[in-house]
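Here's the letter readout for the chains.
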Amino acid sequence: MKRKQILSLLMASAMLLGMTACGGGDSADGGSADNSETETTSESGGDDASSGEKSKITICWRDDGTDIELNANYQQMMAAYEQWDKKDQVELDFAPITADEGNYFTKVALQLADPGTCPDLVCEDTFQMPNDIAAGYLTNLDEYVANYDDWNNGLYFESMQNMVTGPDGSVYGIPYCTDTRGLFYNRDILAQAGVIAEGEDWQPTSWQDIIDACAAVKENCPDVVPFWCNSGVATGEATSMQTYEMLLYGTGERLITDDGKWIVSSQGIQDSLQFLSDIYTNGYGPSLSLVLNGQASNTSAREYLPQNKLAISLDGIWITGSWKESGAAPWEGYEDIVGLAAMPTSEGQDPGTITLAGGWAYSIPENSDNKDLTWEFIQEMMKPDIYQKYIMQAGNICTRTDTAETEEYSSQPLFDIATEFLETAEFRPQNDQYSTVSTSIQQMVESVVSGTSPEDAMAQYATSVARAVGEENVVEQ
């Protein structure tokens, strides 16, 4: 409550921004999940401006627990607002949700469904988009993008446009970041452990190479955590996507068949869970108290890696944003210490490496009562000068082709490697049942790292998924 009061004061005094709370969150910082209703906003700022009242755009994102002024999305919004020609007619009403990923999606869905609590602008994880489209929560943007020159003139990557296109072929968001995942490693630690020579790069060719490196670190660097990956329900989709699916896809298997049946028992599932079991039963992972909470990702990226207490971390390129001078955990010289290796397939089989790619988009909820003005603000945020500053701080891969060509962007440490990973990138299923199945994945992973055998965890997963999607929609292989 204290932080929300401070934020309200900041908005009122410094930027004349209203702070009634009625929405959800993106991936920034801010207020409470239990938000009160806001005043009704108008479709356009003109009439309100003439009467002395401002229109209001309520903006919803996820609060990850860091200082709001350091949050890249918040800074992007404020920079766009400051240069917007509608600034004198519009207030920004920030209504972030403080929650872990899983709870964030649940709370956002509840707010999107209710006209009384629905924000005007929501930051959507694109994996959640098919589910929200099916529920009727998001506005079809086809008429808006038809007149958006940047969208139609090749200034957004086609793959990113596809990422925000629903099963009906319509556009439901403007993508503002994407990402790839790999193995971040501390060169000094791996050299001390004898895994590589000093100053060399490391590229494992199989899962066994990772296990062997962990064993060497544990033996030669006993105060260092050998390996970290998101492993619990509290880290939500990060556990599903950048841990489990990175492993499963590396076996050559997928979550779902071509005809839409969820695979609930297979050798690939068992092999993926066995890898995780090997990590934790051999003491190569962090303590469960560290990894099974909602701040686990921040702990690994902002504390353990910069403090030389972690050798290898399976994570996404965005974590480098924290290490920049303007980031949440500045780390001078990280480009000389940290390497980035591609995640190998289980036995080095084709294509040899694997990554999962995802991203976030700015969407307009169907229940927004200020759609036209919100659309104008999205375009303002995505202007090249504003967007360039955002993406540089965020540490994500850009969605605009013109940004990708700038020297400032392309020269960032590790970004050339992370971008190359897109060549073998896979994506989550465009299926509106995915978010439900993802919850079962997280439960299965947490069960294994907590001591359940891979066989028993897979059986529990089969039961959970069948119960959620129907026996007719699952298959064993």
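Residues numbered from 1 in each chain as written. Predicted model: local features only at pLDDT ≥ 70, side-chain atom pairs only at ≥ 80, totals over all residues. Heavy atoms only, no water.

- Per an unreviewed UniProt entry, the chain carries the name Extracellular solute-binding protein and comes from Candidatus Pullilachnospira stercoravium.

1. Observations regarding the overall build of the chain
In step 1: Helix and strand counts for the chain stand at 22 helices and 16 strands.
In step 2: Among the 477 residues that make up the chain, the fraction classed as buried is 60%.
In step 3: Expressed as a percentage of contacts within the chain between residues at least 6 apart in sequence, the contacts between residues at least 24 apart total 76%.
In step 4: Just so you have it, the chain exposes about 18,400 Å², and 45% of that area is on carbon and sulfur atoms. (Helix = DSSP H or I, 4+ residues; strand = E, 2+ residues; numbered from the N terminus. Buried < 20%, exposed > 50% of the residue type's maximum accessible area, 1.4 Å probe, protein only. Contact = heavy atoms within 4.5 Å. Areas by Shrake-Rupley, 256 points an atom, 1.4 Å probe, with all protein chains shown as cover.)

2. Section: the side chain of Ser-440
In step 1: Summarising the element assignment, Ser-440 is placed in helix H21 (residues 434-449).
In step 2: Looking at Ser-440, the relative accessible area reads 5%, which means it is buried.
In step 3: Side chain to side chain, Ser-440 and Ser-464 meet in a polar contact 2.7 Å long.
In step 4: Not counting chain neighbours up to four residues away, the residues in contact with Ser-440 comprise Tyr-461, Ser-464 and Val-465. (Polar contact = N/O pair within 3.5 Å; in protein donor to acceptor, adjacent residues only side chain to side chain.)

3. What to know about the pattern of salt bridges
In step 1: Per the counting criterion, the structure on display carries 11 salt bridges.
In step 2: The salt bridge partner of Arg-400 is Asp-150, with a shortest N-O separation of 3.0 Å. Linking Arg-400 in the loop between helix H17 (384-394) and helix H18 (401-404) with Asp-150 in helix H7 (residues 149-152), this pair joins segments that are 250 residues apart in sequence. An identical accessibility class is assigned to Arg-400 and Asp-150; each is buried.
In step 3: For the salt bridge of Glu-426 with Arg-254, the shortest nitrogen-to-oxygen distance reads 2.7 Å. Of the two residues, Glu-426 sits in strand S15 (residues 425-426) while Arg-254 sits in the loop between helix H11 (237-250) and strand S9 (262-265), which places them 172 residues apart along the sequence.
In step 4: For Glu-426, a relative accessible area of 24% gives the class partly exposed.
In step 5: We classify Arg-254 as partly exposed; its relative accessible area is 29%.
In step 6: A single salt-bridge network, built from bridges that share partners, covers Asp-125, Glu-237 and Arg-428. (Salt bridge = Lys/Arg side-chain N within 4 Å of Asp/Glu carboxyl O.)

4. Concerning the sheet that holds strand S8 (residues 225-228)
In step 1: One open sheet accounts for 4 strands, arranged S8-S10-S7-S11; its pairing is mixed. Of all strands in the sheet, those with a lone pairing partner are S8 and strand S11 (338-341), marking the two edges. Pairs of neighbouring strands in the sheet enclose a mean axial angle of 20°, with direction left out of account.
In step 2: Summarising the sheet, strand S7 (residues 181-186) and S11 pair through 4 bridges and their orientation is antiparallel. The residue bridging Phe-184 from the neighbouring strand is Leu-340, located in S11.
In step 3: Here helix H10 (residues 207-220) sits on the sheet and contacts S7, S8 and strand S10 (310-316); the angle it forms with S8, its principal contact strand, is near 150°.
In step 4: Where helix H14 (residues 296-304) meets the sheet, its contacts fall on S8 and S10, and the angle it forms with S8 comes to roughly 135°. (Pairing = 2+ DSSP bridges. Axes fitted to C-alpha atoms, helices over the stretch in contact; angles between N-to-C directions.)

5. Let's talk about unusual backbone geometry
In step 1: With an omega dihedral of 10°, the bond running from Asp-350 to Pro-351 counts as a cis peptide bond.
In step 2: Secondary-structure assignment places Pro-351 in the loop between strand S12 (343-344) and strand S13 (353-356).
In step 3: Non-glycine residue Asn-308 carries a positive phi angle of around 55°.
In step 4: By the secondary structure assignment, Asn-308 is in the loop between H14 and S10.
In step 5: Not every positive phi belongs to a glycine, and Leu-414 is a case in point at roughly 75°.
In step 6: As for its placement among the helices and strands, Leu-414 is situated in the loop between helix H19 (407-410) and helix H20 (415-420).
In step 7: By relative accessible area, which is 10% here, Leu-414 ends up buried.

6. Some remarks on H17
In step 1: Within H17, 8 of the 11 residues are buried, leaving the element largely enclosed by the surrounding structure.
In step 2: Those residues of H17 lying buried are Ile-386, Tyr-387, Gln-388, Tyr-390, Ile-391, Met-392, Gln-393 and Ala-394.
In step 3: Buried residues along H17 sit in contact with helix H3 (72-83), strand S6 (174-179), helix H16 (371-381), H18 and H19.
In step 4: Looking at the residues trailing H17, positive phi occurs at Gly-395, about 80°.

7. As for the nonpolar core
In step 1: Counting 142 residues, the largest nonpolar core has Trp-202, Phe-227 and Phe-377 as its most contacted members.
In step 2: With near-sequence residues (within four places) excluded, Phe-227 lies in contact with Leu-183, Ile-210, Cys-214, Phe-275, Ile-279, Tyr-284, Gly-285, Pro-286, Leu-310, Ile-312 and Leu-314. (Core = buried A, V, L, I, M, F, W, Y, C linked by side-chain atoms within 4.5 Å.)

8. A look at a negative patch on the surface
In step 1: Taken together, Glu-325, Glu-332, Glu-335 and Asp-336 make up a surface patch of like negative charges.
In step 2: As for its position among the elements, Glu-325 is in the loop between S10 and helix H15 (334-337). (Patch = residues over 30% accessible without salt bridge, like charges linked within 9 Å, V, L, I, M, F, W, Y side chains within 5 Å. Lys, Arg positive; Asp, Glu negative; His and termini not counted. Charge placed at Lys NZ, Arg CZ, Asp CG, Glu CD.)

9. Some words on the packing of H3 against H16
In step 1: Close contact between H3 and H16 brings their axes to 9 Å; oriented N to C, the two are set at 105°. In this view, H3 runs roughly perpendicular relative to H16, as classed from their interaxial angle. Residues Gln-76, Met-77, Ala-80, Tyr-81 and Gln-83 of H3 form the contact with H16, whose own contacting residues are Phe-377, Glu-380 and Met-381.
In step 2: When grouped by side-chain class, the residues that make up the contact of H3 with H16 number 5 nonpolar, 2 polar and 1 charged. (Parallel < 35°, antiparallel > 145°, perpendicular 65-115°, else oblique. Nonpolar A, V, L, I, M, F, W, Y, C, P; charged D, E, K, R; others polar.)

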